[in-house]
Structure formats: structure tokens, C-alpha cells
Amino acid sequence: MTDVSAETPLDRLTSYGRPTDDFFVRHHWPAEAPAVADWALVLDGEVTRPLRLSLEELQRLPAITVTGVLECAGNGRSLYQPSVQGLSWGKGAVGNARWTGVRVSDLLERAGLKAGARHLHAAGTDEPPAGESPFYRSVELEKALADAIVAWEMNGEPLPPLHGAPARLVVPGWAGEHWMKWLARLSPQAEEREGYFMDQEYRYPVRPGPPGVEIDPAEMRPITDLLVKSIIATSPSAARVGVPIPISGFAFSGAPDISKVEISDDDGSTWTAADLDPRRDPFAWRLWSFLWTPRRPGPIRVTARATDSRGSVQPREAVWNPGGFLHNGWDSIEVVVADSAVR
Ligand SMILES: Nc1nc2c(c(=O)[nH]1)N[C@H]1C(S)=C(S)[C@@H](COP(=O)(O)O)O[C@H]1N2
Ligand SMILES: [Mo]
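1. Things to note about the site of ligand 1
Neighbouring ligand 1 are 20 residues, the closest being Phe24, His28, His163, Arg168 and Lys181. In this structure, Arg26 approaches ligand 1 through a main-chain N or O atom, which is 2.9 Å from an oxygen atom. Here a nitrogen atom of ligand 1 sits 3.1 Å away from a polar atom, N or O, in the main chain of Trp179. Taken by itself ligand 1 offers 530 Å² of open surface, and the protein chains cover 100% of this. In terms of residue class, the shell around ligand 1 is built from eleven nonpolar, four polar and five charged.

2. A closer look at helix α2 (residues 104-111)
Looking at α2, one finds that the buried residues are Val104, Leu107, Leu108 and Ala111. Down the axis, α2 shows its buried residues gathered within 95° of arc, on one side only. A positive phi of about 75° marks Gly112, the residue just after α2.

3. Side note on the sheet that holds strand β22 (residues 298-308)
The five strands are arranged β16-β23-β22-β18-β19 in an open sheet whose pairing can be described as mixed. Edge positions in the open sheet fall to β16 (238-240) and β19 (272-273), since each of these has one partner strand only. Across six bridges, the pairing between strand β18 (residues 258-264) and β22 is antiparallel. Of the residues in β22, the one forming a bridge with Glu262 is Arg305.

4. Points about the pattern of salt bridges
Taken as a whole and assessed by the stated rule, the structure comprises 15 salt bridges. The shortest N-O distance in the salt bridge between Glu219 and Arg207 comes to 2.4 Å. Within this pair, whereas Glu219 is found in the loop between β13 (203-205) and β14 (220-222), its partner Arg207 is found in the loop between β13 and β14, the two being separated by twelve residues in sequence. For Glu219, a relative accessible area of 29% translates into the label partly exposed. Beyond isolated ion pairs, a larger network of salt bridges with shared partners links Lys260, Glu262 and Arg305.

5. Observations regarding the domain arrangement of the protein
It is common to give the size of an interface as the accessible area that goes away when the parts come together. With domains assigned, the protein is organised as domain 1 (10-222) and domain 2 (229-338). Just the C-alpha atoms count here: the centres of domain 1 and domain 2 sit 28 Å apart. Counting from both sides, the interface comprises 43 residues of domain 1 and, opposite them, 29 residues of domain 2. Approximately 3100 Å² of surface area, both sides summed, lies buried where domain 1 meets domain 2, with 65% of it carried by carbon and sulfur atoms. When residues of domain 1 are sorted by the area they lose upon contact with domain 2, Tyr16, Tyr80 and Tyr204 head the list and together hold 24% of the total. A salt bridge links Lys229 to Glu71; the nearest nitrogen and oxygen atoms lie 2.7 Å apart. Taken together, domain 1 and domain 2 are joined by twelve residue pairs in polar contact (both at pLDDT 80 or more). Of all elements in the fold, only β5 (64-71), β6 (94-103), α3 (141-147) and β13 reach the threshold of two or more residues within the side of domain 1 that touches domain 2. A per-element tally of the side of domain 1 that touches domain 2 places β5 first, with four residues. Partitioning the side of domain 1 that touches domain 2 into residue classes produces 20 nonpolar, 13 polar and ten charged.

Scoring rules and cut-offs
Residues numbered from 1 in each chain as written. Chains lettered and ligands numbered in written order. Predicted model: local features only at pLDDT ≥ 70, side-chain atom pairs only at ≥ 80, totals over all residues. Heavy atoms only, no water. Near = heavy atom within 4 Å. Polar contact = N/O pair within 3.5 Å; in protein donor to acceptor, adjacent residues only side chain to side chain. Areas by Shrake-Rupley, 256 points an atom, 1.4 Å probe, with all protein chains shown as cover. Nonpolar A, V, L, I, M, F, W, Y, C, P; charged D, E, K, R; others polar. Buried < 20%, exposed > 50% of the residue type's maximum accessible area, 1.4 Å probe, protein only. Helix = DSSP H or I, 4+ residues; strand = E, 2+ residues; numbered from the N terminus. Arc of directions from axis to C-beta. Pairing = 2+ DSSP bridges. Salt bridge = Lys/Arg side-chain N within 4 Å of Asp/Glu carboxyl O. Domains from an automatic or database assignment. Contact = heavy atoms within 4.5 Å. Buried area = accessible area lost by both parts, 1.4 Å probe.

Right under this line is the structure:
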């Protein structure tokens, strides 16, 4: 395996459970998946009975399957103005998949979780190049106990090496950097994990400021949950006045559910609700479709925005930040509409 970052073409983000083969890939340096025979998951830290589980032992525990969105926090980075440093993701560093594994809460119950722990530290087997900081992360323990699983299957198949085999952390609703691949160790601790990838990277402004203006590091906090967002996946580039055309996409959030997706063809003056697909799971994406009838000729901008179950509405502009994280401004496409009278 090599150093990879690859996104999925938007017009392939149209199914409820993503096929695994074109699911986006991201990690920080070249990495090898550990051999199953050598691999074990260590649970230590604030527990009374530290555990070391082989894959076989892990798979003997009660398993659940959840469907949930994995999105890189840097997805959409290329859309920020002024532009920012970092991988220039378009809109496709995101996917929705079925993940099968054991609840973190079950594992910690077995290990005897102590009362003072607040953060779940996670580490993978991948090692940074000389001189670089290891990819250490932590997840608030409350979130991990509520929703996280240690997964060994993706879409009903063994987890592929690129996606973290033999097992990875799945944190539905939280950004991709928490979903530790090639998971080696979980440690509940009193304090948040320290290190470059917590203290300097993957941070987001506490409150919005003007675009392009540097932000005092003390005014940034570690990224946690995803922001409400809808993306247009398919649409025709040409249409005719009065002739309906289909537009479709997906919407998701760090909140468990999407309550509506709306479409505007007048830059947000008026909105009409799109049809939501019946398939839904907490922290999964919701597919939507809309039959749009152009009312006037010309290049017309069609815009989508989502609202989640906490009442958060996708904003016109994402909050600019120097890392280019969590882009969730309104998504638009341009359709060239011809006058129906022209023959
Ligand atoms: N061990 C390890 N896990 C990791 C990373 C990494 O570099 N090392 N990258 C994270 C980031 S930034 C993202 S967005 C997701 C991507 O998961 P995927 O490649 O399965 O899509 O993995 C996360 N887990
Ligand atoms: Mo990421």
C-alpha cells in the first residue's frame, strides 16, 4: 500500500450504502495493514482489567451493524476563498457505508472502565516518517460510549487494508480523523490526547471571523462532529423552460438525522422541499431528489441546503478557517436553460 488520498467522483455518490471499491481513501503517510496473526487490540488506561484481544477474540463478542457517513474533515477544502494550504479536496472525500463490529461501550465494560476517564485515546499501527508526529487522536468518552464501534467489516465484507484492516474505529457523526484505521490501542484517560494532530491540526474556530484573517490558536478547538451539509450529486447541465428535470444528492450531519433538504433557483430568496429517500439510519446520509422545472432561460444557478434534526441549517458560506476544515456552504450547480419557444 502506498501513500494515498483519493476521492470519489460525485456522480458515483448516489447509492445508500457505498460500494467499497471507489470509497474515498485518506491517510497521512504510506502504511501497511498489519497481518492478522500478529495483530491484537490492546485496551488499557483507566480500566481495572486491561485486555489484549486477537481478531478472533474480538469477533466472538456481540456484533452490531451501523450505517454511517465517513467524511474527511478536509472535504471541500478547495472551495474556501481565500484558498488554504492542505490537500485540495473537491466534494468527494465522503461516503456512506455499513460498518460491523463491537460497541466500544461493550469493550470498556469488559475492561472495567474507571470513573475518572473522559477521553478515549486511540492509536493505529502506522508509524510516521522520521521526525514527524504520530497520528494520535482522542474522542470524548461520552461520544465513544454512545456511538462508537470497533469495526472489522465494511459493507458486509472484511475491512479492506486501505480502510484499516483488521479493525478500525467507527465514530458515527464525527469527522474522519477520529476513525482510526489499523487500530492497535484504545485507552480511556482523564485528559484529551496531546500531540501535533490534536494541538495544531484538525482545529476549528470557536467563533467565526472574517475570511482570510489568521485566528489565534487559543480561539480554536479540536474538530468533533460533522456539520450539516447537502451535496448535489447528479444534475443535467442543460434544460428547457417548463420541462422538469431531475436533480439528486445526499445530505448528512453530525446530528443523527436530516429533517429537510431544500432547493432554490433564485439564490436563496425562495426554497422548495426536495423528496427525502425513505432509507435512514442515525448518522447515515439521506439521499434526496427534486424534479426542477426551470421558469426562465439563461444560465441558472440551482442551490441545495439541508437542515438537521437539531435544527441546524446549512449556511450560505462555510466558516473560513486556516486548515480549510468542515466546508459546508450551500452547494450549487449551473444549468443552461434554453427558451422553450426556440425551435
Ligand atoms: N491509523 C490511521 N488512521 C486514520 C488516518 C491515518 O493517517 N492513520 N487518517 C484518518 C483520516 S484523516 C481519515 S479522513 C480517514 C479516512 O478513512 P478511509 O481511508 O477509510 O476513507 O481515516 C482516518 N484514520
Ligand atoms: Mo481526513
